[in-house]
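Summary of structural features
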Amino acid sequence: MSGAPNLLIGLSCPGCGGTIEITEGSRLAFCPYCGSALAITADDAGVTRLMYKMEVTEPDAERAARKWFGAFPKARDLAATAVITEIFPMYLPFWRMVGTGKGIACGYSTHTDKDGHTQTTYHEDSSDAEYLWSVIACQTGDLGIVTPPEPNGRLLPYTEGDIPVFETTSSRDEAYDQADTDIRMEAHRRASSGIETLTFSKTFCIPREFSLLYYPYWIIRYQYRERDYFVVLDGVSGSPVSGRAPGDQTYQAIAAGLGSGFGGLFAGFGIAYVLFSDSEYALAGLAGFVIGIILVLAGYWVFRFGSEVTEGKLTGGISFSLKGFGQKTVREIER
């Protein structure tokens, strides 16, 4: 079985100042240098608050943004002419549960052997895995950050600092219940996969840690030809998370021309095959016609909507992340 996510929290010993690393969810730690014991407690709401340290500096964020400006298929002069009007760091909150999901499923599958006899295979299957569940805990407006980040960097106890923090707007209890439901559903899916007819199932979710995680981002707003755009960077890795940018007009024109030209060619040959060739080639002609129409529509789509390049989920909505660590154990009974 593979291991659970290696989530470590770095603490400083109040006695000697040494670094203590503990696994998330632990309630007691001992300093390896002076032997002091530390009790790890949650806040009054029963939620541990954690944060990832901001690793990307402002100059690094600006360099990463300008590199993003120059990536295809954005406007070719964007990197040279974009004017950054605002750049600032921000912490966003995410609800997160680390827990064990267990599932038990019983049932049977049937198949017919080569002699025409029906054979029944009875299953008693189970799943047991560690899960990491998370969902954003605030509204981010036009930033398009709705997907929780990958576990990345070093976890620390939450401390207030100079970096602004988005206010939590979603319910702690609703997030907890949703995490419990999603982990149970995944445990059930793993346990019951491969069972044709299910006769019994039971799932359990054993929370090991429920926390409010603060993750750092750099938000950069810029102007191009008097129009406003933005890009959001991961504050740990520096990689782009979401953003808007002007598209390349030359690329739009080329795509529209090629789509219309090749699409019309395929469609024309397709019609000719259908009308003037033998019936055995009619299907090929129809396929060519369909391909031609698809190419024309694709070229039009690039021409119509390629004036702006978007990254991330900018259409709204909330997404949750559920990652399982471990393998399913299976026991089958032949009868």
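The structure under discussion appears in the preceding block.
So, here's what we can say about the structure. Note that the structure is a prediction, hence the values are computed from the model and not measured.

Okay, helix 3 (residues 172-192) next. Turn by turn, an α-helix covers 3.6 residues, leaving residues three or four places apart pointing in a common direction. For helix 3, with 21 residues, the first-to-last C-alpha span of 30 Å sits near the 30 Å given by 1.5 Å per residue. Measuring from the side-chain oxygen of the N-cap residue of helix 3 to the backbone nitrogen of Asp-173 gives 3.2 Å; that N-cap residue is Ser-171.

A grouping of Ile-104, Phe-200, Phe-204 and Ile-206 is seen on the molecular surface, where their side chains present a nonpolar patch of about 350 Å² in accessible area. Per element, the largest residue contribution to the nonpolar patch is 3 residues, and it comes from strand 9 (residues 197-224). Relative to the helices and strands, Phe-200 is located in strand 9.

Counting across every chain of the model gives 9 aromatic pairs. Plain terms: the ring middles of Tyr-108 and Tyr-122 are 6.0 Å apart, the flat faces sit at 50° to each other, and that makes the pair tilted. Here the residue Tyr-108 occupies a position in strand 6 (residues 83-112), and Tyr-122 occupies one in strand 7 (residues 118-136), the gap between them amounting to 14 residues. Ring centres of Tyr-222 and Tyr-229 lie 5.7 Å apart, and the angle between their planes is 25°; this geometry places the pair in the stacked category. The buried category is assigned to Tyr-229, whose relative accessible area is 6%. Among the aromatic residues, those joined into a cluster by ring pairs are Trp-68, Phe-69, Tyr-222 and Tyr-229. Positioned above the aromatic ring of Trp-68 is the side chain of Lys-74, whose terminal nitrogen or guanidinium carbon lies 4.3 Å from the ring centre.

Attention shifts here to the environment of Ser-134. In this fold, Ser-134 is placed in strand 7. With relative accessibility at 7%, the residue Ser-134 sits in the buried group. As for Ser-134 and Val-98, which are separated by 36 residues in sequence, their C-alpha atoms are 8.8 Å apart.

Our focus in this paragraph is the pattern of salt bridges. Evaluation of the coordinates by the stated rule reveals 9 salt bridges. Between Asp-128 and Lys-102 there is a salt bridge, with its nearest N and O atoms 2.7 Å apart. Of this pair, Asp-128 sits in strand 7 while Lys-102 sits in strand 6; the two residues are 26 residues apart in sequence, bridging distant segments of the chain. A relative accessible area of 27% places Lys-102 in the partly exposed class. As a salt-bridge pair, Arg-190 and Glu-186 come within 3.6 Å of each other at their nearest N and O atoms. Residue Arg-190 and its partner Glu-186 are located together in helix 3, separated by 4 residues, close to a single helical turn. For the residue pair Arg-190 and Glu-186, the accessibility class agrees, reading buried in each case. Salt bridges here are not isolated pairs; linked through shared partners, they connect Glu-186, Arg-189 and Arg-190.

Rules of the game
- Residues numbered from 1 in each chain as written.
- Predicted model: local features only at pLDDT ≥ 70, side-chain atom pairs only at ≥ 80, totals over all residues.
- Heavy atoms only, no water.
- Helix = DSSP H or I, 4+ residues; strand = E, 2+ residues; numbered from the N terminus.
- Expected span 1.5 Å × (residues − 1).
- Polar contact = N/O pair within 3.5 Å; in protein donor to acceptor, adjacent residues only side chain to side chain.
- Patch = residues over 30% accessible without salt bridge, like charges linked within 9 Å, V, L, I, M, F, W, Y side chains within 5 Å.
- Areas by Shrake-Rupley, 256 points an atom, 1.4 Å probe, with all protein chains shown as cover.
- Salt bridge = Lys/Arg side-chain N within 4 Å of Asp/Glu carboxyl O.
- Phe/Tyr/Trp six-rings, centres within 6.5 Å; stacked < 30°, edge-to-face > 60°.
- Buried < 20%, exposed > 50% of the residue type's maximum accessible area, 1.4 Å probe, protein only.
- Lys NZ or Arg CZ within 6 Å of the ring centre and 35° of its normal.

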